[in-house]
Amino acid sequence: MEKTLSIIKPDATKKGVIGKIIDRFESNGLRIAAVKKLQLSVENAKKFYEVHASRPFYNDLVEFMTSGPVVVMVLEGENAVLKNRELMGATNPKEAAPGTIRADFADSIDANAVHGSDSLENAKIEIAFFFANTEIL
């Protein structure tokens, strides 16, 4: 059983589609092993996305991710990283397959509703950023 991190971003929380997004995960065989709603500080957003620090969109990303509450989750299941990425759809919602989370709930490549770990290695790092082992059940 793999674990991966998922974040429901501020645009989706503002739209009130948290439950609909969680239902997509659960209806497709992913279990919620941990969940919390929080407001990212600028410092935490910068740390979390530091891999993108040299990219031109970094400051806008940090600003966006701190613009409202997010829901962070540990998803668990067989091939959880790949399954989550398939459910999310392409980063650009205009390119996302019909029925994916981003096709249905995202507004733009910048406000694209969800984040998901891109590898098992990154999933472990990202999960540890938000959750202590004792919070994952």
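Since the structure is predicted, the reported quantities are computational estimates derived from the model, not experimental observations.

Student: I'd like a description of the UniProt feature "binding site: ATP" (unreviewed entry) in the chain, backed by residues and values.
Tutor: UniProt records the feature "binding site: ATP" (unreviewed entry) for K9, F57, R85, T91, R102 and N112 in the present numbering. Those annotated residues that line the largest pocket are K9, F57, R85, T91, R102 and N112. Within the fold, F57 resides in the loop between helix 3 (42-48) and helix 4 (58-65). Relative to the helices and strands, R85 is located in helix 5 (residues 80-88). Exposure remark for R85: the relative accessible area of 33% places this residue in the partly exposed category. Sequence-distant contacts of R85, that is, excluding residues within four places in its chain, are made with G116, S117 and D118.

Student: An account of the nonpolar core is requested, with residue identities and associated values reported.
Tutor: I7, M65, F130 and F131 are the most contacted members of the largest nonpolar core, which has 21 residues in total. For this core, the secondary-structure elements that each account for two or more residues are strand 1 (2-8), strand 2 (31-38), helix 3, helix 4, strand 3 (70-77) and helix 7 (120-130). In terms of residue count, helix 4 provides more of this core than any other element does, 5 residues in total. With residues up to four places along the chain from it excluded, the contact list for I7 reads F48, Y49, M65, V70, V71, V72, A113, V114, H115 and F130.

Student: Please give an account of the pairing of strand 1 that cites residues and values.
Tutor: Summarising burial for strand 1: 5 of the 7 residues are buried, a large majority. Where strand 1 and strand 3 come together, 7 bridges link them in antiparallel fashion. Counted as the bridge partner of L5 is V74 from strand 3.

Student: Summarise the side chain of N92; cite the residues concerned and give the values.
Tutor: Of note, N92 is situated in the loop between helix 5 and helix 6 (101-105). Polar contacts involving the side chain of N92 include one to the main-chain amide nitrogen of K94, which spans 3.0 Å.

Student: How would you explain the environment of N59 if you had to name every residue and give the values?
Tutor: Turning to its location among the elements, N59 is positioned in helix 4. Remark: the alpha-carbon pair of N59 and V42, spanning 17 residues in sequence, is separated by 9.9 Å.

Criteria and cut-off values
Residues numbered from 1 in each chain as written. Predicted model: local features only at pLDDT ≥ 70, side-chain atom pairs only at ≥ 80, totals over all residues. Heavy atoms only, no water. UniProt positions renumbered as here; feature names shortened; annotations may be inferred. 1 Å grid on protein atoms, 1.4 Å probe; cavity = no way out; pocket = protein on both sides within 12 Å on 5 of 7 lines; lining within 4 Å. Helix = DSSP H or I, 4+ residues; strand = E, 2+ residues; numbered from the N terminus. Buried < 20%, exposed > 50% of the residue type's maximum accessible area, 1.4 Å probe, protein only. Contact = heavy atoms within 4.5 Å. Core = buried A, V, L, I, M, F, W, Y, C linked by side-chain atoms within 4.5 Å. Pairing = 2+ DSSP bridges. Polar contact = N/O pair within 3.5 Å; in protein donor to acceptor, adjacent residues only side chain to side chain.

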